[in-house]
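# A closer look at the structure
So you can see what is in the structure, the chains are spelled out below.
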Amino acid sequence: ANRTILDKNFRRKGLQVRPRSRTLTSVHEAMLEDVVGPTEIFGKRTRIGVDGSKLLKVILDPKDKDKENVEAKLATFSAVYKKLTNKEAAFMFPEA
């Protein structure tokens, strides 16, 4: 999908208000939904390391674990999200 991010000084472009769908956070959330494709996001955690680096842990729906070879695609999801948003993300299924 083609999504537009409007920065903080959006008034220069002649707009009165910045829609929520045009914020950086909203666009990155939507990209995350698109990247995981056929599966659903079950939960999200942000892990902040001692050095200040952030890692987004994305927990996928356990019902989709055996669907369409998703287990093998977890590293691919991570690489694609990093390329699109320049944010580190780890995709996993919850431990039973």
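For the structure itself, look to the data block above.
Fair warning: this is a prediction, and the values are worked out from it, not measured in the lab.

Next up on the list: the sheet that holds strand β3 (residues 89–92). Spatially, the 3 strands line up as an open sheet ordered β1-β2-β3, and their pairing is mixed. Every other strand in the sheet has two partners, leaving β1 (41–48) and β3 as the edge strands with one partner each. Between one strand axis and the next, the sheet turns through 20° on average, direction left out of account. Judged from the 4 bridges that link them, strand β2 (residues 54–60) and β3 form a sheet pairing that is parallel. Looking at β3, one finds that Leu 56 is bridged to Ala 89. Lying on the sheet, helix α1 (residues 24–36) is in contact with β1, β2 and β3; it crosses β1 at an angle near 125°. Helix α2 (residues 70–85) rests against β2 and β3 of the sheet, and its axis sits at about 155° to β3.

Relative to β2, β1 runs antiparallel, the two being bridged by 7 bridges. Paired with Ile 41 across the bridge in β2 is Leu 60.

As a further point, take the pattern of salt bridges. Under the definition given, this model contains 5 salt bridges. A salt bridge links Lys 82 to Glu 88; the nearest nitrogen and oxygen atoms lie 3.3 Å apart.

As for its position among the elements, Thr 4 is in the segment before α1. Under the relative-accessibility criterion, Thr 4 is labelled partly exposed at 42%. Sequence separation between Thr 4 and Thr 23 is 19 residues; the distance between their C-alpha atoms is 8.3 Å. The residues contacting Thr 4, other than those within four sequence positions of it, are Ser 21, Arg 22 and Val 27.

Rules and cut-offs
- Residues numbered from 1 in each chain as written.
- Predicted model: local features only at pLDDT ≥ 70, side-chain atom pairs only at ≥ 80, totals over all residues.
- Heavy atoms only, no water.
- Pairing = 2+ DSSP bridges.
- Helix = DSSP H or I, 4+ residues; strand = E, 2+ residues; numbered from the N terminus.
- Axes fitted to C-alpha atoms, helices over the stretch in contact; angles between N-to-C directions.
- Contact = heavy atoms within 4.5 Å.
- Salt bridge = Lys/Arg side-chain N within 4 Å of Asp/Glu carboxyl O.
- Buried < 20%, exposed > 50% of the residue type's maximum accessible area, 1.4 Å probe, protein only.

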